[in-house]
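Here is what each chain is made of, one letter per residue.
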Amino acid sequence: MSLKPFTYPLPETRFLHAGRHVYKFKIRYGNFNSSPNLSLTESAAKESEEVIRVILGNLDDLHPFSTDHFTVFPYLSKWERVSKMKFKHENVHLMPYPYICTLYLELNSFQQNISCGKEVNKGSDELVKKRNEMSESTAMKEAVKRRRVEIRDDTSCPQSCMDS
């Protein structure tokens, strides 16, 4: 399925033919103002086509999902004037799908940071390692404290039992 380029960040409505059906897609873009050159990337265009394929394959059970560039929020709404619509492709009558597929696309936060010119922290793996080491160290200290308390409780119990 090769589609004409998308008009990021302008909203658009498209009619897509798949099988014997015609689908109406309304595409809305969220935080795309920070990425003016995204429409130039071939990977973003391919990803948009893949988003549409995923939605067409899951019309009965739509949920938000993410791709490399986008977070996608798909919705279906009743197509009010669908009964008045007629479609034909090479002498074959096509049936309009009775719902409008509305997509809200937002840039993933990582893509947003890159497109805004913010430097991505290259040492983030070191921060994660330090955080994990700190949490392991804290867990070890807590375990030692618990053992000390348990030992004190064990040794103090016989004495208190003997006193009573």
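Refer to the structure printed above.
Residues numbered from 1 in each chain as written. Predicted model: local features only at pLDDT ≥ 70, side-chain atom pairs only at ≥ 80, totals over all residues. Heavy atoms only, no water.

Further remarks concern the environment of tyrosine 104. Mapping tyrosine 104 onto the fold places it in strand β6 (residues 92–107). Tyrosine 104 sits in the partly exposed class, given a relative accessible area of 40%. When the C-alpha atoms of tyrosine 104 and valine 72 are compared, they prove to be 5.9 Å apart, with 32 residues separating the residues in sequence. With sequence-adjacent residues up to four places away left out, tyrosine 104 is seen in contact with Arg28, Thr71, Val72, Phe73 and Tyr75. (Helix = DSSP H or I, 4+ residues; strand = E, 2+ residues; numbered from the N terminus. Buried < 20%, exposed > 50% of the residue type's maximum accessible area, 1.4 Å probe, protein only. Contact = heavy atoms within 4.5 Å.)

A word on unusual backbone geometry. Across residues other than glycine, the phi torsion is negative in most instances, and most of the peptide bonds are trans. The backbone phi angle of glutamate 90 is positive, close to 50 degrees, even though this residue is not glycine. Positionally, glutamate 90 belongs in the loop between β5 (87–89) and β6. Look at asparagine 91: it is not a glycine, yet its phi comes out positive at around 65 degrees. On the secondary structure map, asparagine 91 appears in the loop between β5 and β6.

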